Every structure is written in structure tokens, then in C-alpha cells.
Amino acid sequence: MMRWMLPFATLAIALSPAQAENSAEIDNYVEANLISIFYHELGHALIDIMALPVFGQEEDAADTASILLIDALYDNQTATAIARDAAFGFLDEANAGEDTPAWWDVHGPDLQRYYNLVCLFYGAEPDSRAGLADQFDLPQERAESCEEEFELALSSWGPVLDELSKAGAGDTIKYSGGTDTLTKRLIADEVAALNSEFSLPETLQIEVTDCDEANAYYDPEAKSITICTEFEPHLRDLATEN
Ligand SMILES: [Zn+2]
């Protein structure tokens, strides 16, 4: 599968994003988590639009899509910075949440999503990312299966991404919500970059709107992804409180 190079130059490798201290680190953390969330929702959209079979929980498949897309779309250094901050995001959510995970939630518990993210991302490049697995306390017994987990995930998603890429550049992902906030600028950039690399068989609408909660979702009826404006302040709080 080709590795796309998106124009995402503002992220630097953050040394300790869990204790984000300055505004640039906090912005990087917020952006990385928004990217992780946006690509999770894009995973849901692709499952629907491409009529992909899903064995197991669709939320897990969307998480996998998010990690594979980040690994495929960005250069290694930027992808690592995003994966690192997104992993801290799950860890921070776990630390900020209740002691007992909401087991009824269709999303996996945050700590499980954290280990899945670290394992898949490490499994994509086990030689160069061993330090990352170490830093994120990925247990050896799990680490041993990560390369295989990545290969399995890639065997499902790789052909889908190749098909989108073969369709070439286009204008199938629509966003017209402006660029006056960090979230909106980020979404505008991601949509432009995605359109410059591939085309979907159907139009997908992206909205950034107020929802009264820090949420994001894909609507299969409207073929639209909504990113709630409330996510940005929520992530800023997580970055500074943990
Ligand atoms: Zn989801």
C-alpha cells in the first residue's frame, strides 16, 4: 500500500504530552486526538459506503481503520507523534473517567483502546517503533502478536484503501464549514488532503457543529460525519488536567 504524505507540518514529536505544558504541546495533543477521532468516524463511513463486512464489534473495526489510516497517510515521524498523543488521549480519558468502565458501551474501554492502538501502531513497524511500545508499557506477551495483528488488519483494510487510491483525486468528501477554529481548520486540511489522494463511490459530508456534548458520529442515512465543537475544549481540559 502506498504511503501518502499529507501536508501536516505543525506537529512535532512531543516529549511528554501527558503533561502538556505549553500551548503548542496542547494544540498538538488536541489536533492528534481530533485526527484519531475523525479517522475513526471515517472508518465507520467506509464500512457503510464500501459495504465492508465486519466480523465482531464495528467500533473495534473503526479504531483499527483510524490507526491504519494514520499510519498510511502520514510520514513516520508525524504518524508517531499523532499515535502517541492519541494513545495518551485514551489513557487520559481512562484516568479522568469513573473507576469502573461503562461495560455496556459499544466502544471498548479506554484502556483496551489504548493498548490496541499502541499494539497496532507498533506492529506496523516493529523494528523502528520498539521504543514506543516500551514507553507505553506494552506487555511483552501482547507485543509478540502485534506484527501479526497489524498484518491481519492490513489484509482487510489495505485493499479498500488501494481501491480508493486507484479511483484518484476527486471532490467526494465535502466540507464547507469554514476555518475559524482549530477543529475547523484541521478538518478542512484533512478533507483537502484526502480529496487530493482518493475518491469515494459516494459523497460524504463532514460537519463541525455544536452538539451539547464532546462527541463525534457517522450518520449512515445522511452519509455524514459530525464532529462536535465541544470536543476541542474537552481535549484541552484532558491535556491540562492529567
Ligand atoms: Zn465509533
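Nothing here was measured: the structure is a model prediction, and the numbers come from that model.

Novice: Could you give me a rundown of the overall build of the protein, with the residues and numbers involved?
Specialist: Helix and strand content of the protein: nine helices and four strands. Helices and strands appear in the protein in the N-to-C order α-α-α-α-α-α-α-β-α-β-β-β-α. Relative to its 242 residues, the protein shows a buried fraction of 51%. For the protein, the proportion of contacts with a sequence separation of at least 24, taken over those separated by at least 6, is 69%. With the model as given, the accessible surface of the protein reaches about 11400 Å², and the carbon-plus-sulfur share is 48%.

Novice: Please set out the side chain of histidine 44 residue by residue, giving values where relevant.
Specialist: When you line up the elements, histidine 44 lands in helix 1 (residues 23-49). There is a polar contact of 2.7 Å between the side chain of histidine 44 and the side chain of glutamate 58. Look past the residues within four positions of histidine 44 in its chain and what remains in contact with it is Glu58, Glu59, Ala62 and Tyr218.

Novice: Before we move on, could you go through the side chain of serine 66 and cite the residues and values that matter?
Specialist: By the element assignment, serine 66 lies in helix 2 (residues 58-73). Assessed through its relative accessible area of 3%, serine 66 is described here as buried. Apart from residues lying up to four places away in sequence, serine 66 is in contact with Ser36, Tyr39 and His40.

Novice: Would you mind going over the coordination of the zinc ion in detail, with residue names and values included?
Specialist: Every protein donor of the zinc ion is listed here as His40 (NE2), His44 (NE2) and Glu59 (OE), and their distances to the metal cover 2.0 to 2.1 Å. One chain supplies every donor to the zinc ion, and in sequence these donors are spaced H-x3-H-x14-E. Linking histidine 44 in helix 1 with glutamate 59 in helix 2, this pair joins segments that are 15 residues apart in sequence. Side by side, histidine 44 and glutamate 59 carry an identical accessibility label, which is buried.

Novice: Describe in detail the environment of aspartate 85, supporting the description with residues and values.
Specialist: Note that aspartate 85 resides in helix 3 (residues 76-96). On the basis of relative accessible area, aspartate 85 is assigned to the buried category, the value being 2%. Between the C-alpha atoms of aspartate 85 and serine 36, which are 49 residues apart in sequence, the distance is 9.3 Å.

Novice: Tell me about the confidence of the model for the protein, and name the residues and values.
Specialist: When the pLDDT values of the protein are averaged, the result is 88; 87% of them are 70 or greater. A low-confidence stretch, residues 1-17 (pLDDT under 50), is modelled with 55 contacts involving residues beyond four sequence positions or located in other chains.

Novice: So what about the packing of helix 2 against helix 7 (residues 146-166)? Which residues, and what values?
Specialist: Where helix 2 contacts helix 7, the two axes come as close as 10 Å, and the packing angle between them is 75°. With respect to their mutual orientation, helix 2 and helix 7 come out roughly perpendicular. On the side of helix 2, the interface is formed by Ala61, Thr64, Ala65, Leu68, Leu69 and Asp71, while helix 7 contributes Phe150, Ala153, Leu154, Trp157 and Leu161. Along the lines of polarity and charge, the residues of the contact of helix 2 with helix 7 split into nine nonpolar, one polar and one charged.

Novice: Account for the pattern of salt bridges, with residues named and values stated.
Specialist: Counting across every chain of the model gives eight salt bridges. Across the pair aspartate 71 and arginine 129 runs a salt bridge, and its minimum N-O distance is 2.9 Å. In this pair, aspartate 71 sits in helix 2 while arginine 129 sits in the loop between helix 4 (110-124) and helix 5 (130-135), placing the two residues 58 residues apart along the sequence. Overall, aspartate 71 belongs to the buried group, its relative accessible area being 6%. A relative accessible area of 3% places arginine 129 in the buried class. Put simply, aspartate 180 and lysine 184 hold a salt bridge, and the shortest N to O gap is 3.5 Å. Look at lysine 184 and you get buried, because its relative accessible area is 16%. Several salt bridges share partner residues, and in doing so they unite Asp27, Glu232 and Arg236 into one network.

Novice: Go over the packing of helix 1 against helix 8 (residues 182-197) with me, naming the residues and quoting the values.
Specialist: In contact at an axis separation of 10 Å, helix 1 and helix 8 are set at 50° when each is read in the N-to-C sense. Accordingly, the angle class assigned to the pair helix 1 and helix 8 is oblique. Crossing of helix 1 against helix 8: the hand is right-handed. Between helix 1 and helix 8, the residues in contact are Asp27, Val30, Glu31, Leu34, Ile35, Phe38, Tyr39 and Leu42 and Leu182, Thr183, Leu186, Ile187, Glu190, Val191 and Leu194, respectively. A class-by-class count of the residues in the contact of helix 1 with helix 8 yields 11 nonpolar, one polar and three charged.

Conventions adopted
- Residues numbered from 1 in each chain as written.
- Predicted model: local features only at pLDDT ≥ 70, side-chain atom pairs only at ≥ 80, totals over all residues.
- Heavy atoms only, no water.
- Helix = DSSP H or I, 4+ residues; strand = E, 2+ residues; numbered from the N terminus.
- Buried < 20%, exposed > 50% of the residue type's maximum accessible area, 1.4 Å probe, protein only.
- Contact = heavy atoms within 4.5 Å.
- Areas by Shrake-Rupley, 256 points an atom, 1.4 Å probe, with all protein chains shown as cover.
- Polar contact = N/O pair within 3.5 Å; in protein donor to acceptor, adjacent residues only side chain to side chain.
- Donors = N, O, S within 2.8 Å, 3.2 Å for Na, K, Ca; no water.
- pLDDT = per-residue confidence, 0-100.
- Axes fitted to C-alpha atoms, helices over the stretch in contact; angles between N-to-C directions.
- Parallel < 35°, antiparallel > 145°, perpendicular 65-115°, else oblique.
- Nonpolar A, V, L, I, M, F, W, Y, C, P; charged D, E, K, R; others polar.
- Salt bridge = Lys/Arg side-chain N within 4 Å of Asp/Glu carboxyl O.
- Left-handed = near helix turned anticlockwise from the far one by under 90°.

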